[in-house]
Amino acid sequence: MARSFARSLPVIVVISAIAYIYFTTVFIFVEKWFGLGSSPGLMNASIFTAIAAMCVFTYSICLFRDPGRVPSSFMPDVEDAENPLHEIKRKGGDLRYCQKCSHHKPPRSHHCRVCKRCVLRMDHHCIWINNCVGHANYKAFFVFVVYAVTACIYSLVLLFGSLTVDSEKDDQQIEGSYRTAYVIAGLLLILLSVALSVLLGWHIYLVLQNKTTIEHHEGVRALWLAKKGGNVYSHPYDLGAYENLTSIGLGYLIGQGYSILGPNVLTWLCPTSGHIGSGLRFRTKSYD
C-alpha cells in the first residue's frame, strides 16, 4: 500500500521531536553536566544514542511494515470449532464479512476506513505513524513506545542533572539560547513522558489480556449483551498473562499461535516478527 510519508504532518512532527530531544540531550544536557570528553559523558551519550537509535528503528518499522493484509483467497472454515468466525460484539453473532471489501474476514480482523481495507488483528489506526497498528507491526509499535518512554525519562534525568551544575559560566550560558532550549525540551519531555507512559500502561494491560483496543470496546458491549441474556462473557483469546506474552505450545506450531513479545525473552525488546503466525487463526481458551 503506497503512502506519502513526507506529506504526513504528524510523522514530520514525531521525527522532528526525536531529533530535537536527541541533540539537546547529548550536546547540551550531557555536555553541560559531564562534558562529552569525559568518561561519564561519553558513557551517557553512548547509552542515550543507542536508545534513540532503537526509537528511530522501531518507529520506521511501524511506518513501513504492512500491518497485515487479508489474503484474497481467504475462506472461513465453518467446521473449525476451535476458531470463532462470528462477531463477538453481537448477540448470537453474524458470520464475519466485510461489505466494503466484499470478502470474509478472519477472526480479529477489521476494516480500516483510512487505509480502506481490512487489517489482520487490527488494534487501531495511528495518525502518528500514518499507518494501522495490526498483526504484523503491533510488537514494533509496542517496543517503540517502551523505548520512547525510556528515552524521555532518561533525558529528563539528564536535564535536571545538568541544571544542578553551578558555575558562573553556566549561569551566563543558560541566560541565552540555552534557556530557550531548556524550556522547550523540558515542556516537550514532560508532556511526552506523561502521554507515552499512559499509552504504554494501556497497551501493557491489553497485552496481558490478549486484547486489541477494538476488542476491548467490543468486549464492553459483549459483556452487556451477555448480562442482559443471563450469560457470562469472557474474552475468548485470553489464555493467561504468561501465554498471552509467549503463546508457546501446539497452537503456535500449527499456525494458530500469536504472541505479542515471543517465546524468547532475549528478543522481547527487539521488533522481531517471526513468531506471530499467519494472523488468520488464533488459539482460544477452548483449545487443547
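Please read these numbers as outputs of a predicted model, since none were measured by experiment.

**Q** Just to check I follow, could you spell out helix H1 (residues 9-33) for this structure?
**A** An α-helical turn contains 3.6 residues, so any two residues separated by three or four positions project in the same direction. Here H1 is 25 residues long and its end C-alpha atoms lie 34 Å apart, about the 36 Å a rise of 1.5 Å per residue gives. The largest bend in H1 is about 35°, located at threonine 25. All of the buried residues along H1 are Val11, Val14, Ala17, Ile21, Tyr22, Thr24, Thr25, Val26, Ile28, Phe29, Val30 and Lys32. One or two residues past the end of H1 sits glycine 35, with phi positive at roughly 90°.

**Q** I tried to follow the UniProt feature "transmembrane region" (unreviewed entry) in the chain on my own but got confused; where do I start?
**A** Sites flagged by UniProt as "transmembrane region" (unreviewed entry) map to residues 9-30, 42-64, 140-161 and 181-208. Taken end to end, residues 42-64 is 100% helix and 0% strand, and its two terminal C-alpha atoms sit 33 Å from one another. Secondary structure content for residues 181-208 is 100% helix and 0% strand, while the C-alpha to C-alpha distance between its ends is 39 Å.

**Q** Can you walk me through the pattern of salt bridges in this structure?
**A** Two side chains bearing opposite charge may form a pair once their charged atoms approach each other closely. Summed over the entire model, instances satisfying the criterion amount to three salt bridges. As a salt-bridge pair, aspartate 66 and arginine 69 come within 3.4 Å of each other at their nearest N and O atoms. A relative accessible area of 28% places aspartate 66 in the partly exposed class. A relative accessible area of 44% means that arginine 69 is categorised as partly exposed. Of the charged contacts in the structure, one is a salt bridge between glutamate 215 and arginine 108, with a shortest N-O distance of 2.7 Å. Of the two residues, glutamate 215 is situated in helix H6 (residues 213-228) and arginine 108 in the loop between strand E2 (103-104) and strand E3 (110-112); the sequence distance between them amounts to 107 residues. The pair glutamate 215 / arginine 108 is uniform in exposure class, with both members buried. Beyond isolated ion pairs, a larger network of salt bridges with shared partners links Asp66, Arg69 and Arg117.

Basis of the calculations
- Residues numbered from 1 in each chain as written.
- Predicted model: local features only at pLDDT ≥ 70, side-chain atom pairs only at ≥ 80, totals over all residues.
- Heavy atoms only, no water.
- Helix = DSSP H or I, 4+ residues; strand = E, 2+ residues; numbered from the N terminus.
- Expected span 1.5 Å × (residues − 1).
- Bend = angle between axes of the 7 residues up to and from the residue.
- Buried < 20%, exposed > 50% of the residue type's maximum accessible area, 1.4 Å probe, protein only.
- UniProt positions renumbered as here; feature names shortened; annotations may be inferred.
- Salt bridge = Lys/Arg side-chain N within 4 Å of Asp/Glu carboxyl O.

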